[in-house]
Amino acid sequence: LGFAVPRDILSKSLIGGEETLSLMEYLGLLFPCDSDPDIMVPYIHLFPLDVDVVVDDLDDCRSNSSSSSHSCSSQRTQIVLVTDCHPTVLSRTTLGEAEDGAVMYIGPDSLALVQHLPLQQYISSLPDDGNKNTKIIDFCAGSGIQAISTMVSLKWCRPDATALFVDINDRALRFAKFNALLNGIQEERISTMNVDITAENDFIEHIKFDNEPFDIILANPPFIPVPGKSASSDSRSDDSCIENRYGLFSSGGPSGEDVLESIISLSPKLLRPKRGLLAIVSEFMNPPEGKEGNQILLHKIKKWWSGRPTSFEHHNGEEIIHAHAKGILLTNEYPVSAATYSSRRADNEFEFNTWSNHLKSCNIDSVSPGLMFVKLYEQRKNEDDDLIMISSRVPRTGLGSIWTPFNIEAVYHTKRACAEIMK
């Protein structure tokens, strides 16, 4: 719950006493306070979250509800997640004796994908072929919030849904599995994989594809365009290096797009034709500015999507099967300028100049939080319009912007916009 507690109280209160306390310290769940070692400080906290339950139709909704007077849209359930505290609370990005990376805290980006994910529209758009199997893959899984909330949301209409949690951090994968079990998901329905997805061959060698593609890909990749050590460190101390402050779940490489590009490039190979849905939450560099404005990012996304063969088998030089899909990118009506972004990231003038120069070198003029959804329709041999990509800017209202938690107006905007790609 985020409270620091005297060691002697924990030792007397916990089953197993001092032995359990020592085990929790070894596992990186708590640590002695630097100023008073007799006070134990938690690395982790509990986060409760309401999620909407998806149904196939109104009859399903009523039969699974204790009260048939409520509409389908009002059916909710709650999950509880355990994850690490924010790095500003921990003052570090590695934890435990093994120095594992800290696990992503539950932030506004985490909540945005949970609340905006058009699951009800997606289920309604599926062909009526009797296929009730749903395979989910959660890239950059962290605490597992995305796949777990999705599986719980699908508990009535897809009770046997399975999930593969993928992360480069062993600590994150332990948290994801624990959180799945904590929320009543059977162990046989979940699996984990530690792999660097930016190394495509490494990922392909590890994944158990078994000729069964995935129905839903979820991703909250690291997206901060972090300056490297040579650019961000003054001569005073290694601790002054900006790069040292960003853990595995934060740094998206110099451009902020290293992991995002890998996910988009892999997705056509992983998604099931006519059923596949890709859902990403991220900060986006140089977002579109209206129909006649900057479209560079949309062209970049289309290039990432269509840049590689849509098969795990190596292309033999004869034919490449292309994945045809429709997608939408949602960003804020008013993205922040590179100067504003730099000021928000920097702690002093030196860092502001470092950020400004770095963003300029990467040709980043503006940044916006956002969401991206792509629906895969079919695979063809021709390469015309592999991905039809459109954009929509979410208006800022009194409730906030696209990532503002519980911004109902932004969620409704997403649902209206996603109707176009779900047809």
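The structure presented is a predicted model; accordingly, all values stated were derived computationally and were not measured.

Parameters and conventions
Residues numbered from 1 in each chain as written. Predicted model: local features only at pLDDT ≥ 70, side-chain atom pairs only at ≥ 80, totals over all residues. Heavy atoms only, no water. Helix = DSSP H or I, 4+ residues; strand = E, 2+ residues; numbered from the N terminus. Buried < 20%, exposed > 50% of the residue type's maximum accessible area, 1.4 Å probe, protein only. Contact = heavy atoms within 4.5 Å. Areas by Shrake-Rupley, 256 points an atom, 1.4 Å probe, with all protein chains shown as cover. Pairing = 2+ DSSP bridges. Phe/Tyr/Trp six-rings, centres within 6.5 Å; stacked < 30°, edge-to-face > 60°. 1 Å grid on protein atoms, 1.4 Å probe; cavity = no way out; pocket = protein on both sides within 12 Å on 5 of 7 lines; lining within 4 Å. Points joined across faces, edges and corners; volume = space filled by probe spheres on them. Nonpolar A, V, L, I, M, F, W, Y, C, P; charged D, E, K, R; others polar. Axes fitted to C-alpha atoms, helices over the stretch in contact; angles between N-to-C directions. Parallel < 35°, antiparallel > 145°, perpendicular 65-115°, else oblique. Left-handed = near helix turned anticlockwise from the far one by under 90°.

## Some remarks on the overall build of the chain
- When its secondary structure is counted, the chain shows 15 helices and 16 strands.
- Relative to its full complement of 423 residues, the chain shows a buried share of 50%.
- Within the chain, residue pairs in contact and separated by at least 24 positions form 78% of the contacts whose partners lie at least 6 positions apart.
- Summed over all atoms, the accessible surface of the chain reaches about 20100 Å², with 50% contributed by carbon and sulfur.

## Overview of the pairing of strand E11 (residues 216-219)
- Taking every second residue as pointing to the same face, both faces of E11 are buried, with Ile216 and Leu218 on one and Ile217 and Ala219 on the other.
- Relative to strand E12 (residues 277-285), E11 runs parallel, the two sharing 4 bridges. Pairing of Leu218 across the sheet is with Ala279, part of E12.

## Brief notes about the packing of aromatic side chains
- For the structure shown, the criterion picks out 5 aromatic pairs.
- With a centroid separation of 6.0 Å and 80 degrees between ring planes, the pair formed by Tyr105 and Phe249 is classed as edge-to-face. You can see Tyr105 sitting in the loop between strand E7 (100-101) and helix H5 (108-116) and its partner Phe249 sitting in the loop between helix H10 (229-232) and helix H11 (258-270), a full 144 residues away along the chain.
- Between Phe223 and Trp403 the ring centres are 5.9 Å apart and the planes differ by 50 degrees, which places this aromatic pair in the tilted class.

## So, the layout of surface pockets
- When its volume is computed, the second largest pocket comes out at roughly 680 Å³.
- Asp52, Arg76, Gln115, Val411 and Lys415 are, among the 26 residues lining the second largest pocket, the residues nearest its centre.
- Looking at the lining of the second largest pocket, the elements that each hand over two or more residues are strand E4 (44-52), H5, helix H6 (119-125), helix H7 (145-153) and helix H15 (408-422).
- Looking at the lining of the second largest pocket residue by residue, the class counts come to 13 nonpolar, 9 polar and 4 charged.

## Remarks on the packing of H11 against helix H12 (residues 296-306)
- It is at 7 Å that the axes of H11 and H12 come closest, and there the two elements cross at 50 degrees. Relative to H12, the element H11 is oriented oblique. Read as a crossing pair, H11 and H12 show a hand that is right-handed. Contacts from Leu260, Glu261, Ile264, Ser265, Ser267 and Pro268 of H11 reach H12 at Ile301, Trp304 and Trp305.
- Split into classes, the residues belonging to the contact of H11 with H12 amount to 6 nonpolar, 2 polar and 1 charged.

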